[in-house]
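Coordinate inspection notes
Take a look at the letters that make up each chain.
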Amino acid sequence: MQDAIQQIHSGVFGLLWPEMLRLPTWLVLTAGFVVGGALVLVWMALMALAWTYGERRIAGFIQVRYGPNRVGPLGLLQPVADGIKCFSKEDTVPTVAYKFMYTLAPLLVFLGAMLPFAALPFSQRLVLADMPLGLYYVLAFEAIEVIGILMAGWAPGSKWSLYGGMRLAAQLLSYEIPMGLCALVIILLSGSLNLGEIVTWQSQNAWGLEHPWVLGWAIFRSPVTFIAFVIFFVAGLAASKRAPFDLPEAESELVAGYHTEYSGLRFSFFFMAEYTAMYVVCALSAVLFLGGWYGPVPMPDVAPDSSLAARWVELVGLQGLQGDLSMMQKIVCAGRTLCEALFQGEGLRILASEAIGLFNLLLKAFGLYFVMIWVRWTLPRVRIDQVMYLCLKVLLPFSLVCLIWALIQVALF
Amino acid sequence: MSARTRNAFAEYFANLWAGIVTTCVGMRLTLRYFFSKPITMLYPEERPEVPAGFRGLHAYEESKCIACKMCVAACPVDCIAIEMVGRGKDALVTRYEIDYSRCLFCGLCVAACPTQCLWMTEVYDLSCTSRQACRRSFARAKTQDEIAAHERLMEQKEAEKKAQAAEAARKKAAEAKPQADKTE
């Protein structure tokens, strides 16, 4: 319990709770979960909205046509129209379905897509919970989705769903291995499982430079990490069920795969989960291999231990909030001091650095997102045996070689 | 290491290399398409240029029409309907309809027209929402009075013609009688 509070403190929620207000622990925790969950939900919805439009537009341009351009200016309201259509669909449950599992499956899938955000950083300080085992946590909770999708495949009693679910299980379980091994390469070289520390490692001491800028990114550090990045990204493509590995939902073979029997809001859960999982894979690749929030736009120097929360607490203390004040006065004072902490001196610099960090990270993550879409509209779907061949006979041996090389590198130098 | 295993090993790497190279080729191709201009025509705003000799919607000049029904006879699908009062240059066309749900735009009606009162334009967007709307009317709408007046006019002309004919016949008969008398 205490650990959980500590982690919430060290993350973005340090901001939300000056100790002066003396709120009870359960309230802080609940507020943290609710606000954090709401933020993640908003981000997921934004990702799904923006990238359904983006994907259709990019697909259009790749096929030398326009894509959706009729709803709103440049077709920008198309995802809204799609959403309205999706919500107004009838919610059907097949009569032969296992009702409980059928209902639970989309929620589990959604949860699996949502949970990694707890530890996935958006910038240096913009983390919901800065866990020491962040990387492990993200990789572990991404795998919850598999259970949900297996349930979605089994519960409706449809052959298409079942085939999709089984294919997905086979595919995801095998691609987790090279993905994990490539992450292990980074863990070995950086010596940490904390995503923040992995980025800090990438920001200093490479090629004989103290501030190597882009050269410090993991992919430029050695050929091994470059290969590991490629393997990680390909495995991530397979893990997020994207073409050319979209066998679980192959339209031309399985109708829609594991979500064939779902409609309306339940279907949109799967849909949002898919787009979010893609973002998670892209952001994780960016953090592990592309320097996360470090570079290409340089961030202003901020003292590493300065935090907005500490400054806020200090200000609140200076202004003597300890006395007998009403709740209203306390809140007003907290708000005023928060503004001071944010917009004066060091606070402003921290804000700027966070904004630049966010821009850097999103630039890389969205770049990778574009590559995913680009790949989808270029390569044809592979057969199930080719999927397995690629994973077990190509990616796995190469990632093992990378791992051994990294081991030697760490042991000798 | 036998030759066979060495070949298998080399083949594995050759396959891998081919896979990477072909992927790159494909990716480069689609990226080039990504940056090329879409070839889609934004139809209602932009319109294609119609080629010369295009056969679209009909155009009809009522004043030239003699209601000879040559177009009706030429039409392979019987989609033209004509009603009129009178004949020839005096004809008043009360109905000239083409049913575009049946018309196949062959142009035979145009070729058959002796007075060039029917030709085809370049208008091609002829969608309609009901069967009735597919029947396009070309003749000017006539009032009941107009039709009645034209009918009276026609009757009058007919009567005049008859009278003239009778007059002529009588004259002919009158001329013929004396000759007949001579011969007798």
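Since the structure is predicted, the reported quantities are computational estimates derived from the model, not experimental observations. (Residues numbered from 1 in each chain as written. Chains lettered and ligands numbered in written order. Predicted model: local features only at pLDDT ≥ 70, side-chain atom pairs only at ≥ 80, totals over all residues. Heavy atoms only, no water.)

**Describing the nonpolar core**
Core analysis: the largest hydrophobic core is formed by 102 residues, its most contacted members being F117(A), L135(A), Y279(A), L284(A), L288(A) and F289(A). Of all the elements, helix 11 (residues 264-289) of chain A adds the most residues to this core, at 15 residues. Sequence-distant contacts of F289(A), that is, excluding residues within four places in its chain, are made with C182(A), I186(A), Q202(A), W217(A), A218(A), I219(A), T225(A), A228(A), F229(A) and F232(A). Counting residues in each nonpolar core, the second largest holds 21 residues, with A67(B), I82(B), C113(B) and L126(B) among its members. (Core = buried A, V, L, I, M, F, W, Y, C linked by side-chain atoms within 4.5 Å. Buried < 20%, exposed > 50% of the residue type's maximum accessible area, 1.4 Å probe, protein only. Helix = DSSP H or I, 4+ residues; strand = E, 2+ residues; numbered from the N terminus. Contact = heavy atoms within 4.5 Å.)

**So, the side chain of Q78(A)**
Secondary-structure assignment places Q78(A) in helix 3 (residues 78-87). Not counting residues up to four positions away in its chain, the partners in contact with Q78(A) are Y53(A), R56(A), P68(A) and V71(A).

**Details of the sheet that holds strand 3 (residues 92-99) of chain B**
Residues and elements named next belong to chain B. Taken together, the three strands give an open sheet; going across it, the order is 2-3-5, and neighbouring strands pair in antiparallel fashion. This sheet does not close on itself; its edge strands, each paired only once, are strand 2 (80-85) and strand 5 (135-137). The sheet shows a mean angle of 20° between the axes of neighbouring strands, taken without regard to direction. Across three bridges, the pairing between strand 3 and strand 5 is antiparallel. (Pairing = 2+ DSSP bridges. Axes fitted to C-alpha atoms, helices over the stretch in contact; angles between N-to-C directions.)

**Concerning the pattern of salt bridges**
Residue and element names in this part refer to chain B. Across all of its chains, the model carries 19 salt bridges over all chains by this definition. For the salt bridge of R135 with E97, the shortest nitrogen-to-oxygen distance reads 3.2 Å. With R135 in strand 5 and E97 in strand 3, this residue pair connects regions lying 38 residues apart in the sequence. We classify R135 as partly exposed; its relative accessible area is 29%. (Salt bridge = Lys/Arg side-chain N within 4 Å of Asp/Glu carboxyl O.)

**Quick notes on the pairing of strand 2 of chain B**
All names here are of chain B. Inspection of the sheet shows strand 2 paired to strand 3 by six bridges, in the antiparallel sense. Its bridge partner lying in strand 3, I82 is registered against Y96. In this structure, the hairpin formed by strand 2 and strand 3 is closed by a connection of six residues, where G86 is found at a positive phi of approximately 85°.

**As for the interface of chain A and chain B**
On the side of chain B, 17 residues touch chain A, which itself brings 19 residues to the contact. Taken together, both faces of the contact between chain A and chain B bury some 1,700 Å²; the carbon and sulfur share is 71%. Where chain A touches chain B, the interface holds one salt bridge. A salt bridge links R70(A) to E45(B); the shortest N-O distance between them is 3.4 Å. In this assembly, chain A and chain B are joined by six residue pairs in polar contact (both at pLDDT 80 or more). (Buried area = accessible area lost by both parts, 1.4 Å probe. Polar contact = N/O pair within 3.5 Å; in protein donor to acceptor, adjacent residues only side chain to side chain.)

**Structural notes on a nonpolar patch on the surface**
Residues and elements named next belong to chain A. Taken together, the side chains of Y98, L150, W154, L162 and M166 make up a nonpolar region of the molecular surface, amounting to roughly 470 Å² of accessible area. Those elements giving two or more residues to the nonpolar patch turn out to be helix 6 (144-154) and helix 7 (159-190). In this fold, L162 is placed in helix 7. (Patch = residues over 30% accessible without salt bridge, like charges linked within 9 Å, V, L, I, M, F, W, Y side chains within 5 Å. Areas by Shrake-Rupley, 256 points an atom, 1.4 Å probe, with all protein chains shown as cover.)

**Details of the packing of aromatic side chains**
Residues and elements named next belong to chain A. One pass over the structure, following the stated rule, counts 31 aromatic pairs over all chains. Here the aromatic cluster, defined as three or more aromatic residues joined through ring pairs, consists of W43, W51, F117, F122, Y279, F366 and Y369. Above the face of the W160 ring, K159 is positioned so that its terminal group lies 5.2 Å from the ring centre. (Phe/Tyr/Trp six-rings, centres within 6.5 Å; stacked < 30°, edge-to-face > 60°. Lys NZ or Arg CZ within 6 Å of the ring centre and 35° of its normal.)

**What about the confidence of the model for chain A?**
Residue-level pLDDT values for chain A average 81, and 88% of them are 70 or greater. For chain A, the element scoring lowest by mean pLDDT is helix 1 (residues 2-10) of chain A, at 53; helix 9 (residues 223-239) of chain A scores highest, at 89. (pLDDT = per-residue confidence, 0-100.)

**What about the side chain of E97(B)?**
Residues and elements named next belong to chain B. For E97, a relative accessible area of 16% corresponds to the buried category. There is a polar contact of 3.2 Å between the side chain of E97 and the side chain of R135. Not counting residues within four places of it along the chain, the set of residues in contact with E97 comprises C79, I80, A81, R135, R136 and S137.

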